[in-house]
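Here's the letter readout for the chains.
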Amino acid sequence: MVRTALAVLVIDENRIRAAIIEAGLREAGHERVTVIHDVTGIARRIAEIEPDVIVIDLENPNRDMLENMFQLSRAVKRPIAMFVDRSDQASIEAAVDAGVSAYVVDGLRQERVKPILDMAVSRFNAFSRMARELEEVRGELESRKVIDRAKGILMKSRGLSEEAAYTLLRKTAMNQNRKIGDIAQSLVTAAGLLGPAEDE
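On a predicted model such as this, the values are computed, not experimentally measured, just so you know.

A. Broad picture of the overall build of the chain. Assigned secondary structure in the chain consists of 7 helices and 5 strands. The order of α-helices and β-strands along the chain, N terminus first, is β-α-β-α-β-α-β-α-β-α-α-α. Total accessible area computed for the chain in this model is approximately 12500 Å², and 51% of it derives from carbon and sulfur atoms. With 29 positive and 32 negative side-chain charges, the chain shows a separation of 5 Å between the mean positions of the two kinds.

B. The domain arrangement of the chain, seen in detail. By domain assignment, the chain separates into domain 1 (7-132) and domain 2 (138-194). One C-alpha centre belongs to domain 1, the other to domain 2; they are set 48 Å apart.

C. Spatial organisation of helix α1 (residues 15-27). With 13 residues, α1 ought to run about 18 Å at 1.5 Å a step, and its terminal C-alpha atoms sit 18 Å apart, in line with that. Restricting attention to buried positions, one finds in α1 the residues Arg-17, Ala-18, Ile-21, Gly-24 and Leu-25. Seen from one end, α1 has its buried residues packed into an arc of 125 degrees, which puts them on one side. Facing away from the buried side of α1 by more than 90 degrees, the exposed set consists of Arg-15, Ile-16 and Glu-27. Next to the buried residues of α1 lie β1 (7-12), β2 (32-36), β3 (53-58), β4 (80-84) and α5 (110-158). The N-capping residue of α1, defined by a side-chain oxygen 2.9 Å from the backbone nitrogen of Ile-16, is Asn-14.

D. Region of interest: the packing of helix α6 (residues 162-176) against helix α7 (residues 180-193). Between α6 and α7, the least distance of the axes is 8 Å, while the angle of their chain directions is 110 degrees. Viewed along their axes, α6 and α7 adopt a mutual orientation that is roughly perpendicular. Between α6 and α7 lies a crossing whose hand is right-handed. The segment α6 lies against α7, with Tyr-166, Leu-169, Arg-170, Thr-172, Ala-173 and Gln-176 engaging Ile-180, Ile-183, Ala-184 and Leu-187. Classifying every residue of the contact of α6 with α7 by side-chain character gives 7 nonpolar, 2 polar and 1 charged.

E. Seen up close, unusual backbone geometry. One non-glycine residue, Glu-50, lies in the positive phi region at around 50 degrees. Its location among the elements puts Glu-50 in the loop between α2 (42-49) and β3. A positive phi angle, near 55 degrees, is found at Asn-177, a position not held by glycine. Relative to the helices and strands, Asn-177 is located in the loop between α6 and α7. When its relative accessible area of 72% is taken as the criterion, Asn-177 is described as exposed.

Rules behind the numbers
- Residues numbered from 1 in each chain as written.
- Predicted model: local features only at pLDDT ≥ 70, side-chain atom pairs only at ≥ 80, totals over all residues.
- Heavy atoms only, no water.
- Helix = DSSP H or I, 4+ residues; strand = E, 2+ residues; numbered from the N terminus.
- Areas by Shrake-Rupley, 256 points an atom, 1.4 Å probe, with all protein chains shown as cover.
- Lys, Arg positive; Asp, Glu negative; His and termini not counted.
- Charge placed at Lys NZ, Arg CZ, Asp CG, Glu CD.
- Domains from an automatic or database assignment.
- Expected span 1.5 Å × (residues − 1).
- Buried < 20%, exposed > 50% of the residue type's maximum accessible area, 1.4 Å probe, protein only.
- Arc of directions from axis to C-beta.
- Contact = heavy atoms within 4.5 Å.
- Polar contact = N/O pair within 3.5 Å; in protein donor to acceptor, adjacent residues only side chain to side chain.
- Axes fitted to C-alpha atoms, helices over the stretch in contact; angles between N-to-C directions.
- Parallel < 35°, antiparallel > 145°, perpendicular 65-115°, else oblique.
- Left-handed = near helix turned anticlockwise from the far one by under 90°.
- Nonpolar A, V, L, I, M, F, W, Y, C, P; charged D, E, K, R; others polar.

This is how it looks when you write it as structure tokens:
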């Protein structure tokens, strides 16, 4: 049973292989399946269809075809399961770098489509969660740097201790119903504008 009605896009130039994937998806309960056999203008088609997950089957991929699909993977920011008949270490590494969630070599069988799709979605979600967390941590680190600079400005200009400077920033943020990092950034910006004339 499918938890949510995922819209699945199958990209496959080989109609027989596409039928195998589509049958596996429909057997697994996926009803919103779109199959595309022509990769011309594929980015535009993906934007029109707005699938939740993409399944790409490349029967005999050459380097250019793989690179095009990897570029597509980087751009669409969706779970992608890719089936290929043959591969090498460089292609596997390129697939991982491009964000392909499942890269399956010589494994296209109808009964394997659903578990591979489920794994691709799970891996994509886990990777997206880690990317968001990394971005939050980077933001927090940047905010701390700005807060430290603002404390330094207050300590120098007002003769405050580090603790008193932080308390003043926090109190101002609370009074203005803003984040302390925003207050600190405003102070750093203002100090830069009001800095000594000899810096000009």
